[in-house]
Amino acid sequence: MAKILVTGGAGYIGSHTVLALLNKGHQVVVVDNLFNASYESLVRVQKLANKSLTFAEVDIRDKAALSQVFAQESVDAVIHFAGLKAVGESVQKPLAYYQNNVEGTLTLVEVMKQHQCYHLVFSSSATVYGEANQPPYIETQPLGNPTSPYGKTKAMVEQILMDVAASDQRFKITNLRYFNPIGADISGDIGEDPNGIPNNLMPFVAQVAVGKREKLAIFGDDYPTKDGTCLRDYIHVSDLAQGHVDALNWLFNQQEGCCEAFNLGTGDPLSVLDIVRGFEQYSEQKIAFEIAPRRSGDLPAFWADSDKARSQLQWTPVKTLQDMMVDTWRWQSKNPNGY
Ligand SMILES: NC(=O)c1ccc[n+]([C@@H]2O[C@H](COP(=O)([O-])OP(=O)(O)OC[C@H]3O[C@@H](n4cnc5c(N)ncnc54)[C@H](O)[C@@H]3O)[C@@H](O)[C@H]2O)c1
């Protein structure tokens, strides 16, 4: 078993991945500045796993503090979630996004090198395919030109990591391109807890169901899709978390230096209305919604070709639409105000 340092491990995907790592018997060191998370998520993760972890409240851009964590812990690999993720906000605050996501990663990789830690799993995103590539997105397509600063930071970091791996054969890196993570751990004790108005569909739907928001706005119902609403590839967060465990195993088995991209999606697109109807069916809650104008920058449809992750990482997403809806509702109804 290995010691894994997880940046951003108190956040939504991070906390589910930390749980999966502890359940597999790994030791975990979480580094998080708690900018968009609560330490309570990690209290609950430790309770669920019945194991403890090490936590450092550190900003990954603080090189000295980060280096101290690496000096204290003998880390075998890093899973790097820490960053800002709101597409719309990134248009308003590009510098904050480049600083956190690009500069933060540069600092992290420098410190890893200093401490001879060469295994890295990076949280990338389907947004790196940009607008020109046609779905289903496949890793052999070229990196696109994402429209938002957020998307650009992900594409830039992927390029930086490719250069790092090419320059130093000791580095073994995976760029995991997430599609649309939703759902929560089956316990309902950890889940997505956005600050303020949710940017993503699923937490918005869940907050309407629990009475925190009046109604959902569906942005556009005149897209060229089966019901006119946008199609996305929704992936249960616990399947996504397992993808990180599988990616680590794959990295540890590589003989040569590498930097490989993998799509983590189901390959099964669902529309916004599929999600709303599915949630109503499985939670038995009514979701009030209205059709609003299209949102600029939204693509009509994209989903993953996930064959590469399935065959090389031996990753198999197992959760159903019902699991995604039931688990979301269990989390939201048990924790109407989040953590
Ligand atoms: N959720 C999605 O839909 C989605 C899709 C694709 C990619 N991603 C990427 O996955 C990663 C995790 O996403 P998430 O949904 O769990 O987000 P999140 O905001 O819940 O988690 C990110 C965590 O990083 C921490 N953090 C941010 N900046 C930091 C810094 N400078 N130093 C230390 N900690 C810092 C935050 O406090 C938070 O705990 C992000 O990199 C995100 O861009 C997310």
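To be clear, the structure that these remarks concern was listed above.
Just so it is clear, the model here is predicted, and its values are computed rather than measured.

A. How the structure looks around the packing of aromatic side chains. Within this structure, the stated rule accounts for nine aromatic pairs. Clustering of aromatic rings is evident, with ring pairs tying together Tyr129, Tyr137, Phe179 and Phe302. Its end group placed over the ring of tyrosine 129, arginine 177 keeps NZ or CZ at 4.9 Å from the ring centre. Across the ring face of phenylalanine 262, the terminal group of lysine 308 is positioned such that the distance to the ring centre comes to 4.8 Å.

B. Molecular detail of the site of the ligand. Looking at the ligand, there are 28 residues lining it, with Asp32, Asn36, Lys85, Asn100 and Tyr150 nearest. In this structure, an oxygen atom belonging to the ligand sits 2.8 Å away from a main-chain N or O atom of isoleucine 13. Here an oxygen atom of the ligand sits 2.7 Å away from a polar atom, N or O, in the side chain of asparagine 36. Bound to the protein, the ligand loses 95% of the 830 Å² it would expose on its own.

C. Inspection of the pattern of salt bridges at higher detail. Counted by the stated rule, this structure contains 18 salt bridges. Put simply, glutamate 290 and lysine 215 hold a salt bridge, and the shortest N to O gap is 3.4 Å. In this pair, glutamate 290 is assigned in strand β13 (residues 289-292) and lysine 215 in the loop between α7 (201-209) and β8 (216-219), connecting sequence segments 75 residues apart. Exposure remark for glutamate 290: the relative accessible area of 36% places this residue in the partly exposed category. Lysine 226 is paired through a salt bridge with aspartate 274; the nearest N and O atoms lie 2.6 Å apart. Placement of the pair is lysine 226 in the loop between β8 and β9 (231-232) and aspartate 274 in helix α9 (residues 272-283), with a sequence separation of 48 residues. Accessibility expressed as a relative area gives 60% for lysine 226, which makes it exposed. The structure contains a network of salt bridges with shared partners spanning Lys113, Asp168 and Arg170.

D. Just the packing of helix α3 (residues 63-72) against helix α5 (residues 94-114), in detail. Between α3 and α5, the least distance of the axes is 10 Å, while the angle of their chain directions is 40°. In terms of axis orientation, α3 runs oblique to α5. Our pair here, α3 against α5, has a crossing hand that is right-handed. Contacts between α3 and α5 pair Lys63, Leu66, Ser67 and Phe70 from the former with Thr107, Leu108, Glu110, Val111, Met112 and Gln114 from the latter. Partitioning the contact of α3 with α5 into residue classes produces five nonpolar, three polar and two charged.

E. Structural view of the side chain of threonine 105. Here threonine 105 is to be found in helix α5. Those residues in contact with threonine 105 that sit more than four places away from it in its chain are Ile60, His80, Asn100, Val157 and Leu161.

Rules used throughout
- Residues numbered from 1 in each chain as written.
- Predicted model: local features only at pLDDT ≥ 70, side-chain atom pairs only at ≥ 80, totals over all residues.
- Heavy atoms only, no water.
- Phe/Tyr/Trp six-rings, centres within 6.5 Å; stacked < 30°, edge-to-face > 60°.
- Lys NZ or Arg CZ within 6 Å of the ring centre and 35° of its normal.
- Near = heavy atom within 4 Å.
- Polar contact = N/O pair within 3.5 Å; in protein donor to acceptor, adjacent residues only side chain to side chain.
- Areas by Shrake-Rupley, 256 points an atom, 1.4 Å probe, with all protein chains shown as cover.
- Salt bridge = Lys/Arg side-chain N within 4 Å of Asp/Glu carboxyl O.
- Helix = DSSP H or I, 4+ residues; strand = E, 2+ residues; numbered from the N terminus.
- Buried < 20%, exposed > 50% of the residue type's maximum accessible area, 1.4 Å probe, protein only.
- Axes fitted to C-alpha atoms, helices over the stretch in contact; angles between N-to-C directions.
- Parallel < 35°, antiparallel > 145°, perpendicular 65-115°, else oblique.
- Left-handed = near helix turned anticlockwise from the far one by under 90°.
- Contact = heavy atoms within 4.5 Å.
- Nonpolar A, V, L, I, M, F, W, Y, C, P; charged D, E, K, R; others polar.

Taken by themselves, the reported measurements are silent on function.
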